[in-house]
Amino acid sequence: MVVFTFLVIVDKSRSPTTPAVFLSGYTKQHQSYDELFTETINTLFYGVGNLKDSTRHFIAIMSLVQGDAHWSIHDLAQAVVILAHTHALCSFVHGVGAVNPSETPEARAECSEWVQRNKENTGTQTGEVEELLRRMATLRRPTIDANEMSASNALHFLALADGSSDLHSGGESPVGNSGDEEAVFSYQKDFGYVDFAARKDRAKTFKIHEFTWDHSFNLLSDLIPEIAQNLDDKFDLTQRLTYSFMGGYDNVDTTVYRSAVWNYIHALFGIRHDDYDYAKVNTLLSREMKTFVKTAACFPHRITDEMRASVMKDFKLSEKIHVMLLITEARLQASLLYFTRALTNHYSRAKRSSQPKPLD
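For clarity, every value in this text was computed on a predicted model and none was experimentally measured.

What follows deals with the overall build of the chain. Counting its secondary structure elements, the chain contains 16 helices and 4 strands. Among the 360 residues that make up the chain, the fraction classed as buried is 47%. Nonlocal contacts in the chain, meaning residues at least 24 apart in sequence, comprise 74% of its contacts between residues at least 6 apart. For the chain, the accessible area works out to roughly 17,900 Å², and carbon and sulfur atoms hold 53% of it.

Structure (structure tokens):
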């Protein structure tokens, strides 16, 4: 309900005291993203399409498509994007601690520990940034050949997808398993995230080189062109966004760190990029950071103030918000990749079944 309250009133024509403005207090840390985010939400909930505004809001509230079984494929695509967007925004809302929309932005900002730390942040408080810079520098000097990296890369990927902290952590998830608590919005207690490698249905690794975001974008452009371009722009901007600083240090290339966060999220959902060295994730993300990232992406309701305080201690507020945007958008893209691939497979099967059988 918290996420829905934020979503349905993002429209700029609404009252400036609405909770949507409260959420934009975070996204406005990155103005270019905030503009795309606002446009995307307005298009999703108030833009063109056969689904009524009330139906779109109902989908966001329930996070479950129910009722009319006679939707067109275009309506289904729009509904799934709303569903996936709502789920992904749970990661952002809980991750930044924006869980009480009744408070004004000013009141929440004053009590936000993230904001308070940002006022005095110089990047030299705990040595966190210095250690990250050192590790990033080591990654620029390859120590193994390409063949050796390729041989071990699959093991690193599976360790991350299995919830392991590294290859030697025994495969134990850093945040526990689904079903450890009472279900809140579903009668199915086991309905939730399951470590990819531990799934009972033996889901196969989603190899991104076989079905890329370009495939997804092309399909969504045919079905819901009014939103597909916004999604593509938002994914691209989130991954490229940088001001070339880290903590109190300027002229820093943060590409490798941003890629580690993005690809770790995809690994958690079984999506593998063959051209990415997954050993970098363990090099750049501490166990505490991986726990925070995984919790935000997979169990956002479990995030606590203590968990937020344990990571990104020397990051500026805008950097922390950017990390949360990376988590949110990577999870959203993962959901849409699976949806569009399933839709593509459905089209292929339907086409084969409609072809005339050869005569004996």
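Let's shift gears to the nonpolar core. Counting residues in hydrophobic clusters, the biggest one holds 80 residues, and the most contacted among them are Leu-231, Tyr-257 and Ile-327. In this structure Ile-327 touches Ser-91, Val-261, Ile-265, Val-293, Ala-296 and Ala-297, once residues within four positions along its chain are discounted.

Within the structure shown, the criterion is met by 6 salt bridges. Linking Arg-134 and Glu-131 is a salt bridge whose minimum nitrogen-to-oxygen distance equals 2.6 Å. Taken as a pair, Arg-134 and Glu-131 lie in helix α8 (residues 128–139) at a separation of 3 residues, close to a single helical turn. For Glu-131, a relative accessible area of 31% puts it in the partly exposed group. Of the charged contacts, one joins Arg-308 and Asp-305 as a salt bridge, the two residues approaching to 2.5 Å between their closest N and O atoms. Taken as a pair, Arg-308 and Asp-305 lie in helix α15 (residues 305–309) at a separation of 3 residues, close to a single helical turn. Salt bridges sharing partners connect three or more residues here, namely Glu-131, Arg-134 and Arg-135.

Our focus in this paragraph is the packing of aromatic side chains. One pass over the full model with this rule turns up 7 aromatic pairs. Ring centres of Phe-206 and Phe-211 lie 6.3 Å apart, and the angle between their planes is 75°; this geometry places the pair in the edge-to-face category. In this structure an aromatic cluster arises from ring pairing among Phe-206, Phe-211 and Tyr-338. Taking the ring centre of Phe-299 as reference, the NZ or CZ of Arg-302 above it sits at 4.1 Å.

Turning to α8, a few remarks are in order. With 12 residues, α8 should reach 16 Å at 1.5 Å per residue; the first-to-last C-alpha distance of 17 Å fits that figure. Here α8 has its buried residues at Val-129, Leu-132 and Met-136. Down the axis of α8, the buried set is contained in an arc of 60°. They therefore lie on one face. Tucked inside the fold, the buried residues of α8 contact β2 (245–246), β3 (249–250), α12 (255–268) and α13 (279–284).

Looking at where Gly-127 falls in the secondary structure, it is placed in the loop between α7 (113–119) and α8. With a relative accessible area of 28%, Gly-127 lands in the partly exposed category.

This paragraph deals with unusual backbone geometry. The residue Asn-251 is not glycine, and still its phi comes out positive at about 55°. Here Asn-251 lies in the loop between β3 and α12. Of note, Met-312 is a non-glycine position whose phi angle comes to about 50°, a positive value. Given the relative accessible area of 1%, Met-312 is considered buried.

Let us look at the side chain of Ser-91. With respect to the helices and strands, the residue Ser-91 is situated in helix α5 (residues 73–96). Classification of Ser-91 as buried rests on a relative accessible area of 0%. Within the structure, Ser-91 has its side chain in polar contact with the backbone oxygen of Ala-296 (distance 2.5 Å). Ignoring anything within four residues of it in the chain, the contact list for Ser-91 reads Ala-296, Ala-297, Pro-300, Met-324, Ile-327, Thr-328 and Arg-331.

Let us look at the packing of α12 against helix α14 (residues 287–298). The contact between α12 and α14 brings their axes to 10 Å, and the two run at 55°. The angle between α12 and α14 places the two elements in the oblique class. The chirality of how α12 crosses α14 is right-handed. On α14, the residues touching Tyr-257, Tyr-264, Ile-265 and Leu-268 of α12 are Met-289, Lys-290, Val-293, Lys-294, Ala-297 and Cys-298. Of the residues that constitute the contact of α12 with α14, the class distribution is 8 nonpolar, no polar and 2 charged.

Attention now moves to the confidence of the model for the chain. Low pLDDT means the predicted coordinates in that region are not meant to be read closely. Of all residues in the chain, 61% have pLDDT values of 70 or greater, and the mean over the chain is 75. Confidence, read as mean pLDDT per element, is least for helix α1 (residues 2–7) in the chain (44) and greatest for helix α10 (residues 213–223) (95). Across residues 1–21 the pLDDT falls below 50, and counting only partners more than four positions away or on other chains, this stretch makes 49 contacts in the model. Confidence drops under pLDDT 50 across residues 167–172; counting only partners more than four residues distant or on other chains, this segment forms 8 contacts.

A few words on α5. Look at α5: 35 Å from first C-alpha to last across 24 residues, which is about the 34 Å you get at 1.5 Å a residue. The buried fraction of α5 is high, at 18 of 24 residues. Looking one or two residues beyond α5, the residue adopting positive phi is Gly-97, at roughly 85°.

Turning our attention to the environment of Thr-344. Looking at the secondary structure, you find Thr-344 in helix α16 (residues 317–354). A C-alpha to C-alpha distance of 9.9 Å links Thr-344 and Phe-211, two positions 133 residues apart in sequence. For Thr-344, the residues in contact, after removing those within four places along its chain, are Phe-211 and Leu-219.

What counts, and where the lines are drawn
- Sequence order as written defines residue numbering, which begins from 1 separately in each chain.
- Selection of residues for local features in this predicted model requires a pLDDT of at least 70, selection of side-chain atom pairs for listing and counting requires 80 or more, and totals for whole chains, interfaces and linings are taken over all residues.
- No hydrogens and no water enter the side-chain calculation; it runs on all heavy atoms of the structure.
- Where helices and strands are cited, they refer to DSSP runs of H or I of at least four residues and of E of at least two residues respectively, numbered from the N terminus.
- Working definition: with a 1.4 Å probe on protein chains only, accessible area under 20% of the residue-type maximum means buried, over 50% means exposed, and in between means partly exposed.
- We call two residues contacting when some pair of their heavy atoms lies within 4.5 Å.
- Using the Shrake-Rupley algorithm and a 1.4 Å probe, accessible areas are obtained, with residue cover drawn only from the displayed protein chains.
- Only buried Ala, Val, Leu, Ile, Met, Phe, Trp, Tyr and Cys residues count toward a nonpolar core, and they belong to the same one when joined by side-chain atoms within 4.5 Å.
- Any Lys or Arg side-chain nitrogen found within 4 Å of a carboxyl oxygen on Asp or Glu counts as a salt bridge.
- Pairing of aromatic side chains here covers Phe, Tyr and the six-membered ring of Trp, requires ring centres within 6.5 Å, and sorts the geometry by plane angle: under 30 degrees stacked, over 60 edge-to-face, intermediate tilted.
- A ring is considered to have a charge above it if a Lys NZ or an Arg CZ atom is located within 6 Å of its centre and within 35 degrees of its normal.
- The span expected for a helix works out to 1.5 Å for each residue beyond the first.
- Arc, as used here, means the arc of the directions from the helix axis to the C-beta atoms.
- Identification of polar contacts relies on pairs of N or O atoms within 3.5 Å, with a donor-acceptor requirement for protein atoms, meaning one able to donate a hydrogen and the other able to accept it, and with residues adjacent in sequence counted only if both atoms are side-chain atoms.
- Note on geometry: axes are lines fitted to C-alpha atoms, helical ones only across the stretch in contact, with angles between N-to-C directions running from 0 to 180 degrees.
- We call two directions roughly parallel when the angle between them is under 35 degrees, roughly antiparallel when it is over 145, roughly perpendicular when it lies between 65 and 115, and oblique otherwise.
- Should the near helix be turned counterclockwise from the far one by less than a right angle, the crossing is left-handed, whereas a clockwise turn marks it as right-handed.
- Gly falls in the polar group here, along with every residue not listed as nonpolar (Ala, Val, Leu, Ile, Met, Phe, Trp, Tyr, Cys, Pro) or charged (Asp, Glu, Lys, Arg).
- Known as pLDDT, the predictor's confidence for each residue is given on a scale from 0 to 100.

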